[in-house]
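# Fold and contact review
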Amino acid sequence: MTEADAGFLALVRSPPGSAAANRALEAVSRHQREGRHCVVFFHGPGVDQAAGRPAGDWAALTDRRHGQAGGDIHDRFNADRADAQREKDPAAPPRGDSQLLVCNTSWRRRHEVAPLAPFVPTSLVALFSALDRPVCAQGFGLGAAPSGSIHGSALERRVPERQRGLLIEVGFAPTGRHDRIETLELALGAAALELDARVLFHGPGRSHLEGSQASAWRQLTDFGFIDLLADGSAVETDSGARVQCLEASEVEHLRTQAGILLAL
Amino acid sequence: MNDPENQRARVSGHDIDLDVDGHLRHADAWSEALAECLARQDGVVLEPLHWWVIHFVRAHQRDYGMPPLMRTIVSEMRRQTDCDDASSRTLYRLFPDGPVRMACRYAGLPRPESCI
């Protein structure tokens, strides 16, 4: 398995019109041009990308491959390579196209009618299933960049194999009325599927552990499902959850060791 | 004609308001008699293990503000009960139309929002 064989997974949690949303569209378009199969999972405020004008920009990606006959030589090379790969392995996912998946729960909180094709309403299980395949995973969310990130609110990490551990980074304070629960739901999804996962709160993200609704995080540590970690000194938490505080060097080590890093 | 917006359950001579999904509108109207009434409508006879799940779900909602994951129910069922085949399959045998959602309904809690 080479890097070129890996697919690309974009977790899009940023609302339409944001810089992160624009970067997401550019990144998926670039990976698709390079012949990769792309899975885009819209979650939280990101589901609004599947409505109105942004939806058209994303939908255009799903049929770009059909227009590749007239594309440049690089596009044609990748399309040919994808066809050859499918001949060798018919079960391999189609290359050079995109699946647009929308978190059904996030969507229903904001919209009354289902998203239109090519957007597919689905559950968080689809997100974590996509992580089972070799992918480059990148988050385009609300959080501040972890140090060392080259993509602002995102961090890219190739995932060559399963069971290397998922690190979910929460670097933003909850803003909208659904932020708290939707951030927690990502961690609960990982717990429900018994993934080897940790949640790291850093900077303003530590405020997810404050306030009356913070107690919901405690279920993750009370039942031993997921470790909760925070950068810096002791967390003033209302959650009652056991939160392990890390020095800066420990945070960097954690990021280095993670198989999959999703910056929300 | 049935009005889905105004469902009711009749318990001990009193009408109890339910929401469009058949869940209790007012949590303080819950009683074990209501749970039995709702289960009977679904063709489910509540046995001791059903009751353990229902009370566990209510306690989890009280402690964490949301219903438990199915994984949580299974692991605590193994730990807290003498059920020797606690598993998601056992939960589906008890609550065939979705264990967490059905248990929440009988427990007087809102329909779970989350897809997990």
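This write-up is about the structure you can find in this document. Here the structure is a predicted model, which is why all the values come from computation and not from measurement.

### Thoughts on the overall build of chain B
Within chain B, the regular secondary structure consists of five helices and two strands. When the helices and strands of chain B are listed from N to C terminus, the series reads β-β-α-α-α-α-α. Relative to the 2.2 N^0.38 estimate, which gives 13 Å for 116 residues, the radius of gyration of chain B is 14 Å and therefore close to what a compact globule would have. Taken along its principal axes, the extent of the C-alpha atoms in chain B is 45 × 25 × 20 Å. With 116 residues in all, chain B has 32% of them scored as buried.

### Re the interface of chain A and chain B
For interface size, the figure often reported is the accessible area lost on association. At the interface, 16 residues of chain A touch 11 residues of chain B. Of all elements in the fold, only α4 (104–110), α6 (179–192) and α7 (218–222) of chain A reach the threshold of two or more residues within the side of chain A that touches chain B. Broken down by element, the side of chain A that touches chain B gets its largest block of residues, five residues, from α6 of chain A. Looking at side-chain class alone, the side of chain A that touches chain B contains six nonpolar, seven polar and three charged residues.

### Here we look at the pairing of strand β7 (residues 166–170) of chain A
All names here are of chain A. Among the five residues that make up β7, five are buried, leaving the element largely enclosed by the rest of the structure. Here β7 shows no split at all, with Leu166, Ile168 and Val170 on one side and Leu167 and Glu169 on the other all buried. Pairing between β7 and strand β8 (residues 197–201): five bridges, direction parallel. Paired with Glu169 across the strands is Leu200, a residue of β8. Tracing the backbone out of β7, into α6 and back to the parallel element β8 gives a crossover that is right-handed. Of the pairings in the sheet, the one linking β7 to strand β11 (residues 260–263) comprises four bridges and is parallel in character. The residue bridging Ile168 from the neighbouring strand is Leu262, located in β11.

### What to know about helix α1 (residues 32–41) of chain B
All names here are of chain B. Restricting attention to buried positions, one finds in α1 the residues Leu34, Ala35 and Leu38. Across the axial projection of α1, the buried residues extend over an arc of 100°, all falling on one side. Against β1 (7–11), β2 (14–18), α2 (48–64) and α5 (99–106) lie the buried residues of α1. Note on α1: the residue one or two positions beyond its end, Gly43, has a positive phi of about 80°.

### A look at the sheet that holds strand β9 (residues 227–231) of chain A
All names here are of chain A. An order of β10-β9-β8-β7-β11 is seen for the five strands of this open sheet, with the pairing classed as parallel. Edge positions in the sheet fall to β10 (243–246) and β11, since each has one partner strand and no second. In this sheet, neighbouring strand axes are inclined to one another by 25° on average, regardless of whether the strands run parallel or antiparallel. Strands β7 and β8 of the sheet are contacted by α6, whose axis makes an angle of about 170° with β7. Its contacts with the sheet put helix α8 (residues 248–257) on β7, β8, β9, β10 and β11, and the angle it makes with β10 is roughly 105°.

### A look at the pairing of strand β3 (residues 98–103) of chain A
Residues and elements named next belong to chain A. Extensive coverage of β3 is indicated by the burial of six of its six residues. Along β3, one buried face is formed by Ser98, Leu100 and Val102 and the opposite face, lined by Gln99, Leu101 and Cys103, is buried too. Direction of pairing for strand β2 (residues 38–42) relative to β3: parallel, over a ladder of five bridges. Within β3, the residue paired with Val39 across the bridge is Gln99. Handedness of the crossover joining β3 and strand β4 (residues 119–122) through α4: right-handed.

### A short note on the environment of Gly46 of chain A
Residues and elements named next belong to chain A. The topology assignment puts Gly46 in the loop between β2 and α2 (52–62). Residues Gly46 and Ala263, spaced 217 residues apart in sequence, show a C-alpha to C-alpha distance of 14 Å. Once residues within four sequence positions are removed from consideration, Gly46 is found in contact with Val12, Arg13, Ser14 and Pro15.

The rules behind the values
Residues numbered from 1 in each chain as written. Chains lettered and ligands numbered in written order. Predicted model: local features only at pLDDT ≥ 70, side-chain atom pairs only at ≥ 80, totals over all residues. Helix = DSSP H or I, 4+ residues; strand = E, 2+ residues; numbered from the N terminus. Rg over C-alpha atoms; globule rule 2.2 N^0.38 Å. Buried ≥ 20, exposed ≤ 12 C-beta atoms within 10 Å, placed from the backbone. Contact = placed C-beta atoms within 7 Å. Nonpolar A, V, L, I, M, F, W, Y, C, P; charged D, E, K, R; others polar. Pairing = 2+ DSSP bridges. Right-handed = clockwise from strand over helix to strand, strands pointing away. Arc of directions from axis to C-beta. Axes fitted to C-alpha atoms, helices over the stretch in contact; angles between N-to-C directions.

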